[in-house]
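Breakdown of the fold
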Amino acid sequence: MKRYDLRQYKDDFIHRMNEIIKDELRDGEVGIFIFEIGDGGIVKIANNSIKSLGYRLLNSIRFNEVDWSIVVKKEKIQDFKEEALWQ
């Protein structure tokens, strides 16, 4: 499990988060990403971005008043339809 602080990227953190997931996390490894939530809509965009890569979103929660954390497991989702039933 690795923790990544992406708060310095402000609303431009998604590209960096995707790079880390694809290039730095090993298969089966969990990454925790912390970022600022200037606009609440950015959380949904981040969550959708992870799902579009085909990886498993384990958790997405408010960390404190201005920060949010997303927990991702680099594990390919085999069947997106099956995954959607659990959400």
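Above this text you will find the structure in question.
To keep things clear, this report deals only with the structure shown in the data block.

Parameters at a glance
- Residues numbered from 1 in each chain as written.
- Predicted model: local features only at pLDDT ≥ 70, side-chain atom pairs only at ≥ 80, totals over all residues.
- Heavy atoms only, no water.
- Phe/Tyr/Trp six-rings, centres within 6.5 Å; stacked < 30°, edge-to-face > 60°.
- Helix = DSSP H or I, 4+ residues; strand = E, 2+ residues; numbered from the N terminus.
- Buried < 20%, exposed > 50% of the residue type's maximum accessible area, 1.4 Å probe, protein only.
- Lys NZ or Arg CZ within 6 Å of the ring centre and 35° of its normal.
- Pairing = 2+ DSSP bridges.
- Axes fitted to C-alpha atoms, helices over the stretch in contact; angles between N-to-C directions.
- Parallel < 35°, antiparallel > 145°, perpendicular 65-115°, else oblique.
- Left-handed = near helix turned anticlockwise from the far one by under 90°.
- Contact = heavy atoms within 4.5 Å.
- Polar contact = N/O pair within 3.5 Å; in protein donor to acceptor, adjacent residues only side chain to side chain.

1. Considerations on the packing of aromatic side chains
A complete count under the given rule lists two aromatic pairs for this structure. Taking the centre distance of 5.2 Å and the plane angle of 15° together, the rings of Y4 and F33 count as stacked. Of this pair, Y4 sits in strand β1 (residues 2-5) while F33 sits in strand β2 (residues 30-36), placing them 29 residues apart in sequence. On the basis of relative accessibility, which here comes to 11%, the residue Y4 falls in the buried class. Relative to F35, the ring of F13 lies with its centre 3.9 Å away and its plane at 15°, an arrangement referred to as stacked. With a gap of 22 residues between them, F13 in helix α1 (residues 13-24) and F35 in strand β2 connect regions that are remote in the sequence. The same class applies to F13 and to F35, which are both buried. Above the plane of the ring of Y55 lies K76, whose end atom (NZ or CZ) is 4.6 Å from the centre.

2. As for the pairing of strand β4 (residues 67-76)
Among the 10 residues of β4, seven are classified as buried, and the element is accordingly described as predominantly covered. As judged from the seven bridges shared by β2 and β4, these two strands associate in the antiparallel manner. Counterpart to I32 in the pairing with β4 is V71. In this sheet, β4 lies alongside strand β3 (residues 55-62) in antiparallel orientation, the contact comprising seven bridges. Note on β4: the bridge partner recorded for R56 is K73. Turn length for the β3-β4 hairpin, with the two strands adjacent in sequence and antiparallel, is four residues.

3. Some points on the packing of α1 against helix α2 (residues 41-53)
Where α1 contacts α2, the two axes come as close as 11 Å, and the packing angle between them is 30°. Viewed along their axes, α1 and α2 adopt a mutual orientation that is roughly parallel. Crossing geometry of α1 relative to α2 is assigned as right-handed. Across from F13, I14, M17, N18, I21 and K22 in α1, the residues of α2 making contact are I42, I45, A46, S49, I50 and L53.

4. Comments concerning the side chain of N47
One can find N47 in helix α2. Leave out the neighbours within four places in its chain, and N47 touches L57, S60 and I70.

5. Digging into the environment of W68
Considering the arrangement of structural elements, one finds W68 in strand β4. The class for W68 is buried, based on a relative accessible area of 17%. Not counting chain neighbours up to four residues away, the residues in contact with W68 comprise F33, I34, F35, I37, V43, S60, I61, R62 and F63. A polar contact is formed between the side chain of W68 and the side chain of S60, at a distance of 2.7 Å.

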